[in-house]
Amino acid sequence: NGCICVLGRAHTNVHMRNNELMVWQVFLTLKKGFGVRTLDRIPSGELIIEYAGEIVSHDELERREEGYYDGRGPTVNGSYIFQPSGTRWALDATEVGNVARFINHACGSSINVKVETFHPPSWDAAMPTLLLLRARDDIEPGVELAYDYRQ
């Protein structure tokens, strides 16, 4: 089909599994705003989704964060920023992103998603890595997806 995936044979498509759609549901939680739950069973280790957003420098991130909040509170309806520890870049999914931005934080046994970084061999070394979210354990239908934001 002429399409080359930078992840090679590790998956077929982030939204596809065995030629079937992987179905999520964004829903309003009681205490955490929006959340994401799966409507399908996801086996342990399976790629769920890539965290997508605008790649921004540390300086740009600080500028944006100041704009997202003022003295009275948030100026936007939530900000969705993922900055891997030890990096000088971040992914800002506040304006441009995918459903991964709605996956909430959890601690301890509630964590069912793990964060994995992947740097495609064909990419320039200066390019940021991809942030992939994988099932840490088997996840049953209807379960909210969650990971430790400090990971």
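Description of the structure in this document. What you see is a predicted model; the values in this text were computed from it and never measured.

Here's the deal with the overall build of the chain
Within the chain one finds one helix and 14 strands. Residues classed as buried in the chain amount to 38% of the 151 residues present. Counting contacts in the chain only where the partners sit at least 6 residues apart, residues at least 24 apart contribute 66% of the total. Surface exposure of the chain reaches about 9200 Å², of which carbon and sulfur atoms provide 51%.

What about the nonpolar core?
If you look at the biggest cluster of nonpolar residues, it comprises 24 residues, and the most contacted ones within it are Ile48 and Tyr51. Contributions of two or more residues to this core are made by strand 5 (47-50), strand 10 (89-97), strand 12 (113-118) and strand 13 (130-135). Residues contacting tyrosine 51, with those up to four places away along its chain left out, are Tyr80, Ile81, Phe82, Leu91, Ala93, Asn98, Ala100, Arg101, Leu131 and Tyr147.

Here's the deal with the packing of aromatic side chains
The full count for this structure, using the stated rule, is four aromatic pairs. Taking the centre distance of 6.0 Å and the plane angle of 25 degrees together, the rings of phenylalanine 82 and tyrosine 147 count as stacked. Here phenylalanine 82 is found in strand 9 (residues 81-82), whereas its partner tyrosine 147 is found in strand 14 (residues 146-147), with 65 residues between them in sequence. Among the residues examined, phenylalanine 82 registers a relative accessible area of 7% and is labelled buried. Judged by relative accessible area, tyrosine 147 falls into the buried class, the value being 3%. Put simply, the rings of Phe34, Tyr80 and Phe102 touch in pairs and so form one group of aromatic residues.

Points about the layout of surface pockets
Estimated volume of the largest pocket: approximately 250 Å³. Contributing to the lining of the largest pocket are 14 residues, with Tyr51, Ile81, Phe82, Tyr147 and Tyr149 lying nearest its centre. Tallied by class, residues from the lining of the largest pocket come to eight nonpolar, four polar and two charged.

What to know about a negative patch on the surface
The grouping of Asp59, Glu62, Glu65 and Glu66 at the surface amounts to a negative patch. With respect to the helices and strands, aspartate 59 occurs in helix 1 (residues 58-68). Taking the relative accessible area as the measure of exposure, aspartate 59 reaches 55% and is therefore exposed.

Observations concerning the side chain of asparagine 112
With respect to the secondary-structure elements, asparagine 112 resides in the loop between strand 11 (104-105) and strand 12. On the basis of relative accessibility, which here comes to 7%, the residue asparagine 112 falls in the buried class. There is a polar contact of 2.9 Å between the side chain of asparagine 112 and the backbone oxygen of glutamate 144. Those residues in contact with asparagine 112 that sit more than four places away from it in its chain are Arg134, Ala135, Arg136, Asp137, Ile139, Val143, Glu144, Leu145 and Ala146.

Overview of the sheet that holds strand 13
Taken in spatial order, the three strands make up an open sheet running 5-13-12, and their pairing is antiparallel. Here the strands that pair on one side only, and so sit at the sheet edges, are strand 5 and strand 12. When strand polarity is set aside, the average angle formed by the axes of neighbouring strands in this sheet is 30 degrees. As defined by bridge partners, strand 5 adjoins strand 13 across three bridges and the pair is classed as antiparallel. In the sheet register, isoleucine 49 faces strand 13, and the bridge partner there is leucine 133.

Cut-offs and rules
Residues numbered from 1 in each chain as written. Predicted model: local features only at pLDDT ≥ 70, side-chain atom pairs only at ≥ 80, totals over all residues. Heavy atoms only, no water. Helix = DSSP H or I, 4+ residues; strand = E, 2+ residues; numbered from the N terminus. Buried < 20%, exposed > 50% of the residue type's maximum accessible area, 1.4 Å probe, protein only. Contact = heavy atoms within 4.5 Å. Areas by Shrake-Rupley, 256 points an atom, 1.4 Å probe, with all protein chains shown as cover. Core = buried A, V, L, I, M, F, W, Y, C linked by side-chain atoms within 4.5 Å. Phe/Tyr/Trp six-rings, centres within 6.5 Å; stacked < 30°, edge-to-face > 60°. 1 Å grid on protein atoms, 1.4 Å probe; cavity = no way out; pocket = protein on both sides within 12 Å on 5 of 7 lines; lining within 4 Å. Points joined across faces, edges and corners; volume = space filled by probe spheres on them. Nonpolar A, V, L, I, M, F, W, Y, C, P; charged D, E, K, R; others polar. Patch = residues over 30% accessible without salt bridge, like charges linked within 9 Å, V, L, I, M, F, W, Y side chains within 5 Å. Salt bridge = Lys/Arg side-chain N within 4 Å of Asp/Glu carboxyl O. Lys, Arg positive; Asp, Glu negative; His and termini not counted. Charge placed at Lys NZ, Arg CZ, Asp CG, Glu CD. Polar contact = N/O pair within 3.5 Å; in protein donor to acceptor, adjacent residues only side chain to side chain. Pairing = 2+ DSSP bridges. Axes fitted to C-alpha atoms, helices over the stretch in contact; angles between N-to-C directions.

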